Amino acid sequence: MEVIVTNNYEELSRKAAEIIDSQLKKEPASVLGLATGSTPLGTYKELVKSYEKGQTDYSGVSTLNLDEYVGLSPDHHQSYRCFMDKHFFDLINIPKENTYVPDGRAEDLAEESSRYEQIIDEIGPPDLQLLGIGENGHIGFNEPGTSFESGTHVVELTPSTRQANARFFDTMEEVPTYAVTMGIHSIHKSKRIILLASGKHKAEAIRQLIYGEEDEQFPASSLKRHPDLTLIVDQEAYALVNEKG
Ligand code: GLP
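Read on for a plain summary of the structure.

Quick look at the sheet that holds strand E5 (residues 99-100)
- Strand order in the open sheet made by the seven strands is E1-E10-E9-E6-E2-E3-E5, with parallel pairing throughout. Looking at the sheet topology across the chains shown, the edges are occupied by strand E1 (2-6) and E5.
- In the packing of helix H4 (residues 109-123) onto the sheet, the strands contacted are strand E2 (31-34), strand E3 (62-65) and E5, and the crossing angle to E3 comes to about 150°.

If you want it as structure tokens, here you go:
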């Protein structure tokens, strides 16, 4: 695992965008695995900036998002489809039909999960997967206890994850209880993984990721066995890591 420590969130976002931009230059028909949450927002801003300067072209790019809430329509302001359109897809020249997000309103969610896993295999695997991390070590919406062998599946969100995401909704009751998420095994299909973490509330998760053993109770620890993992963390998120361990 490679670890890049930046001074602050802005630098972290620039670094992540630089890696993605150079991937697109190397391979204009790249497949990008994308994440939501507040952490990658700065990265999307930087990517849009370089697109606006004419440095990148998304006409041949495809994207696969990690997850989606169950029950929210694609135009609900907190759906991950809406988030991606607003912060990224609507601001670049990517053909919308090349952007994939699980359908959280599918009638048969098990069928939707297998369909999405099939899409990952047909379109992907992603050349590069962007990831955030939950304070409890979740990646995508893979909560503690998720099998490392899991494909795309439906998950019940833990109270702590619902609480952490409540800030985006008007009331706690509106926060969805279920989500469809790529599984740990699905995430591992990516050729390269870039995990971002910013702020002191992520410091304990980063400490555990770096020093802890692989443990299904801490989903991000599965990433330790991925052959091409880069962590980009700012100093606050890196604060509990020291040379002695
Ligand atoms: C949500 C998303 C994850 C994200 C996590 C952390 O649960 N499903 O993909 O990594 O939140 O979000 P944030 O970056 O806002 O801390």
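Things to note about the environment of Thr158
- Relative to the helices and strands, Thr158 resides in the loop between strand E7 (153-156) and helix H5 (159-165).
- Once the C-alpha coordinates of Thr158 and Ile120 are considered, the two residues, 38 residues apart in sequence, prove to be 26 Å apart.
- The contact partners of Thr158, leaving out residues within four places of it in the chain, are Asn136 and Glu143.
- Of note is the side chain of Thr158, whose polar atom sits 3.0 Å from the side chain of Thr161.

So, the pattern of salt bridges
- By the definition in use, this model includes 12 salt bridges.
- Where Glu112 meets Arg115, a salt bridge forms, and the shortest distance between an N and an O atom there is 2.7 Å. Here the residue Glu112 and the residue Arg115 both occupy positions in helix H4, the gap between them amounting to three residues, near one helical turn.
- A salt bridge links Arg207 to Glu204, with the shortest nitrogen-to-oxygen separation between them at 2.9 Å. With a gap of three residues between them, Arg207 and Glu204 both fall in helix H7 (residues 203-211), about one helical turn apart.
- Arg207 sits in the partly exposed class, given a relative accessible area of 29%.
- For Glu204, a relative accessible area of 37% puts it in the partly exposed group.

Some thoughts on the packing of aromatic side chains
- Inspection of the entire model under this criterion finds eight aromatic pairs.
- Centroid distance Tyr58 to Phe88: 5.6 Å. Interplanar angle 85°. Geometry classified as edge-to-face. Note that Tyr58 is positioned in the loop between helix H2 (41-52) and E3 and Phe88 in the loop between helix H3 (80-87) and E5, a separation of 30 residues in sequence. The pair formed by Tyr58 and Phe88 is uniform in burial state, with each residue classed as buried.

A short note on the sheet that holds strand E8 (residues 178-181)
- One open sheet holds the three strands; their spatial order is E4-E8-E7, and the pairing between them is antiparallel. Both edges of this open sheet fall to strand E4 (67-69) and E7, since each of them pairs with a single strand only. Looking at each pair of strands side by side, their axes are set apart by 25° on average, direction ignored.
- Direction of pairing for E4 relative to E8: antiparallel, over a ladder of three bridges. Residue Asp67 lies in a different strand from E8, and its bridge partner there is Thr181.

Some remarks on the side chain of His138
- If you trace the backbone, His138 turns up in the loop between strand E6 (128-131) and E7.
- Engagement of the side chain of His138 in a polar contact is seen with the side chain of Asn136, the distance being 2.8 Å.
- With residues up to four places along the chain from it excluded, the contact list for His138 reads Gly132, Ile133, Glu143, Thr161 and Pro219.

Calculation rules
- Residues numbered from 1 in each chain as written.
- Predicted model: local features only at pLDDT ≥ 70, side-chain atom pairs only at ≥ 80, totals over all residues.
- Heavy atoms only, no water.
- Pairing = 2+ DSSP bridges.
- Helix = DSSP H or I, 4+ residues; strand = E, 2+ residues; numbered from the N terminus.
- Contact = heavy atoms within 4.5 Å.
- Axes fitted to C-alpha atoms, helices over the stretch in contact; angles between N-to-C directions.
- Polar contact = N/O pair within 3.5 Å; in protein donor to acceptor, adjacent residues only side chain to side chain.
- Salt bridge = Lys/Arg side-chain N within 4 Å of Asp/Glu carboxyl O.
- Buried < 20%, exposed > 50% of the residue type's maximum accessible area, 1.4 Å probe, protein only.
- Phe/Tyr/Trp six-rings, centres within 6.5 Å; stacked < 30°, edge-to-face > 60°.

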